[in-house]
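Next come the chains, spelled out residue by residue.
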Number of protein chains: 2
Amino acid sequence: MGKGEHTRQAILDEAFSLASCVGVSGLSIGILAERTKMSKSGLFAHFGSKEELQLAVLREAQQRFAEVVLRPAFRQPRGLRRLRAVVVNWLDWTREANLPGGCVINAAAAEFDDQPGPLRDEVRRGLTALRRSLVETVVKAVVAGDLRPDTDAEQFAFEMEGIYQVTQQSRRLLNDPDADRRALVAFDRLVRDYAVPIEKE
Amino acid sequence: MGKGEHTRQAILDEAFSLASCVGVSGLSIGILAERTKMSKSGLFAHFGSKEELQLAVLREAQQRFAEVVLRPAFRQPRGLRRLRAVVVNWLDWTREANLPGGCVINAAAAEFDDQPGPLRDEVRRGLTALRRSLVETVVKAVVAGDLRPDTDAEQFAFEMEGIYQVTQQSRRLLNDPDADRRALVAFDRLVRDYAVPIEKE
DNA sequence: GACACAAACGAACGATCGTTCTATAAATGC
DNA sequence: GCATTTATAGAACGATCGTTCGTTTGTGTC
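Attention here is on the structure that accompanies the text. (Residues numbered from 1 in each chain as written. Chains lettered and ligands numbered in written order. Predicted model: local features only at pLDDT ≥ 70, side-chain atom pairs only at ≥ 80, totals over all residues. Heavy atoms only, no water.)

**Structural notes on the protein's contact with DNA strand D**
Around DNA strand D there are 20 residues in total, and S28 and K50 of chain A together with S39, S41 and H46 of chain B lie nearest to it. For DNA strand D, the backbone portion of the atoms within 4 Å of the protein, that is sugar and phosphate, comes to 59%. At 3.5 Å, a backbone N or O of L27 of chain A approaches a phosphate oxygen of DNA strand D. Note that a base oxygen of DNA strand D is positioned 2.8 Å from one of the side-chain N or O atoms of S41 of chain B. Secondary-structure elements contributing two or more residues to the surface near DNA strand D are helix 2 (29-35) and helix 3 (40-44) of chain A together with helix 1 (3-22) and helix 3 (40-44) of chain B. In the surface near DNA strand D, the residues fall into six nonpolar, ten polar and four charged. (Near = heavy atom within 4 Å. Polar contact = N/O pair within 3.5 Å; in protein donor to acceptor, adjacent residues only side chain to side chain. Helix = DSSP H or I, 4+ residues; strand = E, 2+ residues; numbered from the N terminus. Nonpolar A, V, L, I, M, F, W, Y, C, P; charged D, E, K, R; others polar.)

**What to know about the side chain of S20 of chain A**
Structurally, S20 of chain A can be placed in helix 1 (residues 3-22). Within the structure, S20 of chain A has its side chain in polar contact with the backbone nitrogen of G101 of chain A (distance 2.5 Å). With sequence-adjacent residues up to four places away left out, S20 of chain A is seen in contact with L99, P100, G101, G102 and V104 of chain A together with D114 of chain B. (Contact = heavy atoms within 4.5 Å.)

**Regarding the relation of the copies chain A and chain B**
Mapping chain A onto chain B leaves a residual RMSD of 0.0 Å; the transformation is a rotation of 180° accompanied by 0.0 Å of translation along its axis. The two molecules are tied by a two-fold rotation axis, judged by turn and shift. For chain A, the residue whose C-alpha comes nearest the rotation axis is G162 of chain A, separated from it by 2.1 Å. Taken together, the interface assignments show that 100% of the residues at the interface of chain A recur at the interface of chain B, consistent with an identical surface on both copies. (Least-squares fit on C-alpha atoms with pLDDT ≥ 70 in both.)

**Section: helix 9 (residues 179-194) of chain A**
Every α-helix carries 3.6 residues per turn, so stepping three or four residues along brings you back to the same face. Taking 1.5 Å of rise per residue, 16 residues should cover 22 Å, and helix 9 of chain A covers 23 Å from first to last C-alpha, within 8% of that figure. Within the sequence span of helix 9 of chain A, burial applies to A179, R182, A183, A186, F187, R189, L190, V191, D193 and Y194 of chain A. Next to the buried residues of helix 9 of chain A lie helix 5 (80-96) and helix 8 (153-172) of chain A together with helix 8 (153-172) and helix 9 (179-194) of chain B. (Expected span 1.5 Å × (residues − 1). Buried < 20%, exposed > 50% of the residue type's maximum accessible area, 1.4 Å probe, protein only.)

This is a description of form; function is not addressed.
Structure follows, in structure tokens:
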């Protein structure tokens, strides 16, 4: 990795954790330059525009999410084991990644959901991909025989996302110490309702 | 209502729908003055500071939420009827209130969840009150005999909020036309799991 | 050591930000 | 209808915003 690439990554690291606190639209080149001990113009040159910097942060977030949440989970065997691994990693990922201020992507989703442009498009792309991964994981759990054949995988993924979101909010805003436990309770209920009934022996 | 109070409310209306699009922290006095055809200083005088304006918007949002969602639902008899009315009104409230850009409170929750200060406190207050209302409604459904006596009302409310949040995101960002239907499916599953079993006759 | 190229800097730009001040216009009370 | 309070306007402030420009520093190559 050349020197340019190296500092660019350093800037991105800082921007990533800063965006976690103030949001992607709250990013400021001046403050970012201060934190990285660079000049505004020197930092700016790496991206060409603020929007490009913001896009880079969003892409960085997606990449880290795939690495920290999805990849390890996909090392589990298909089925319920893997599905549960996704949930556990997911709930943990704001701690795992350097996200002092909560999930960047989810925050960005609320920021940009009605402001057309490249940023909204990027967020949308990321969340669509996530949804697809979830659905795929559920479908495989059905194929593996862990969930009932008539399981609505889209519905299942939809509800998983809901659990994640309310957990984040409860943890961060309401300081609810039971948030994670409640998330798992909700997930277990979800699984129970769609699980294949245990056969009597 | 004196003239001062009247224009203040007009400003607040505009700020409310603007914040729905750009977020509470994205509000700008200049733009707001432009939209209300006032001078910046004239508008400013009604609030004394930007933060006070933002707080007023958050309080306005809470008040409208209570009027549009909770109050009508509480005219239903206690129990499942009322609980369902809350859900239906809730899903509809961004259309009902003047919220072209989605729920202000939820967006603010993501914006301020790790930025200590009066704004975060206000959001927190609002969401805590909401959670309490939900729990109370669930408890009354238990007392009314619609839900099982061992129902964990906090858990129930927790999951309801999750359903709401993912529905908003699916609707606004992913343009999912099935979002509302999925929300009701999820809610029905929630009710079914906690409902008192139908007695055999 | 001369050269080419990339990386970072420093100064400045115009625009917008929230805020303050003073003065005028409008509404209110008697 | 006058006096007083209230509401709005206008101009300006310092700060910060993203961005541009020309220059300097650093790195690697023949």
